[in-house]
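# Structural features, examined
One-letter residues, chain by chain:
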Amino acid sequence: MNGGFFDILWDTLLSTVLDVAPIVVVLAFFQLVVLRRRLPHARRMVVGFIFVLAGLALFLIGLEEALFPIGETMARQLTAPDMVGAGGVEGEIHWQNYMLVYAFAAAIGFATTIAEPSLMAIAVKAEEVSGGAVKSWGLRVAVAVGVALGVSIGCFRIVTGTPLPWYIIAAYAIVIIQTFRSSKTIIPLAYDSGGVTTSTVTVPVVAALGLGLAASIPGRSPLIDGFGLIAFASVFPIMTVLGYSIASSQISRLRQAGGSRRV
């Protein structure tokens, strides 16, 4: 068992080195050839690079050994006959029977997004640059709510088998409308917030959930229906952040109007 683990670890390390090597080559080329400057703190960078390789390798092993199996197992368990109930025409699927699946999708989408390192980084920088006008925790919650809604609706799409483009087109139509009504200062941050959700923690769990759900429901194809949840996890956070900004502006105007009336 230990030998098997170390074999997997060694293979993953080699694969990670090959994947990261082009980044190192590009950075070294521009630093040494284009800028013609020595690397500052070279020893510290080498140590950090080793930690990055080890961390990526262990993370990839964790995905294969834990996160992907957990997502697929939960999807199979939640769609088991004793959970969704029986009845009706054989092979007929009732979307109402999968409420636990939608609830689990929303919960796991919210939890993974709150724990997303890239979102934490964006939120902290947004609070620093805005001078506290944009709260780090508030931004993370708004994005997490968007992912929760998106993943839950994406699971509904898998269960019902309805076409993916309908949802994506409708969602981006709403985003476009919100964009014209939102403050210019929040629009770039909202669009970036949608992008950072598709990162190290959220993607593996959400992808495993979609594939497991599509494989567990009769008549659904993992290749056709299993993918697409990441698109929902990208667009819905934009909607919630823009919606949060619009709602905050409206509330602020109402308070100002109420204060002026009292004066």
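Worth saying up front: this structure is predicted, and the values here are computed from it rather than measured. (Residues numbered from 1 in each chain as written. Predicted model: local features only at pLDDT ≥ 70, side-chain atom pairs only at ≥ 80, totals over all residues. Heavy atoms only, no water.)

### Quick word on the overall build of the protein
In terms of regular secondary structure, the protein is built from ten helices and zero strands. Written out in order from the N terminus, the α and β elements of the protein read α-α-α-α-α-α-α-α-α-α. Based on the C-alpha atoms only, the size of the protein along its principal axes is roughly 70 × 65 × 30 Å. Within the span of the protein, comprising 263 residues, buried residues form 35% of the whole. For the protein, long-range pairs separated by at least 24 residues make up 77% of all intrachain contacts whose partners lie at least 6 apart in sequence. Here the protein displays about 15700 Å² of accessible surface, and carbon together with sulfur accounts for 70% of that area. (Helix = DSSP H or I, 4+ residues; strand = E, 2+ residues; numbered from the N terminus. Buried < 20%, exposed > 50% of the residue type's maximum accessible area, 1.4 Å probe, protein only. Contact = heavy atoms within 4.5 Å. Areas by Shrake-Rupley, 256 points an atom, 1.4 Å probe, with all protein chains shown as cover.)

### Topic: the side chain of Q178
Relative to the assigned elements, Q178 resides in helix 7 (residues 164-181). Among residues more than four places away in sequence, those in contact with Q178 are I238, M239, L242, G243 and I246.

### Examining a nonpolar patch on the surface
Together, V26, F29, F30, L32, V33, V34, L35, L39 and M45 line one region of the surface with nonpolar side chains, adding up to about 820 Å² of accessible area. Top element by residues in the nonpolar patch is helix 1 (residues 2-34). It accounts for six residues. Exposure remark for F29: the relative accessible area of 43% places this residue in the partly exposed category. (Patch = residues over 30% accessible without salt bridge, like charges linked within 9 Å, V, L, I, M, F, W, Y side chains within 5 Å. Salt bridge = Lys/Arg side-chain N within 4 Å of Asp/Glu carboxyl O.)

### A closer look at helix 4 (residues 99-114)
Between its first and last C-alpha atoms helix 4 spans 23 Å; for 16 residues at 1.5 Å apiece the expected length is 22 Å, and the two agree. Within helix 4 the residues assigned to the buried category are V101, Y102, A105, G109, T112, T113 and I114. Where helix 4 is buried, its residues meet helix 2 (42-78), helix 5 (117-129), helix 6 (136-160) and helix 9 (202-216). (Expected span 1.5 Å × (residues − 1).)

### What about the nonpolar core?
Grouped together as the largest cluster of nonpolar side chains are 40 residues, with contacts concentrated most on L139, V151, C155, L213, V241 and L242. Mapped by element, the contributors of at least two residues to this core are helix 2, helix 4, helix 5, helix 6, helix 7, helix 8 (187-196), helix 9 and helix 10 (229-262). The element that contributes the greatest number of residues to this core is helix 10, accounting for nine residues. In contact with L139, not counting residues within four places along its chain, are A123, A126, V134, L189, S193 and V241. (Core = buried A, V, L, I, M, F, W, Y, C linked by side-chain atoms within 4.5 Å.)

Geometric descriptors of this kind do not, in isolation, establish any biological role.
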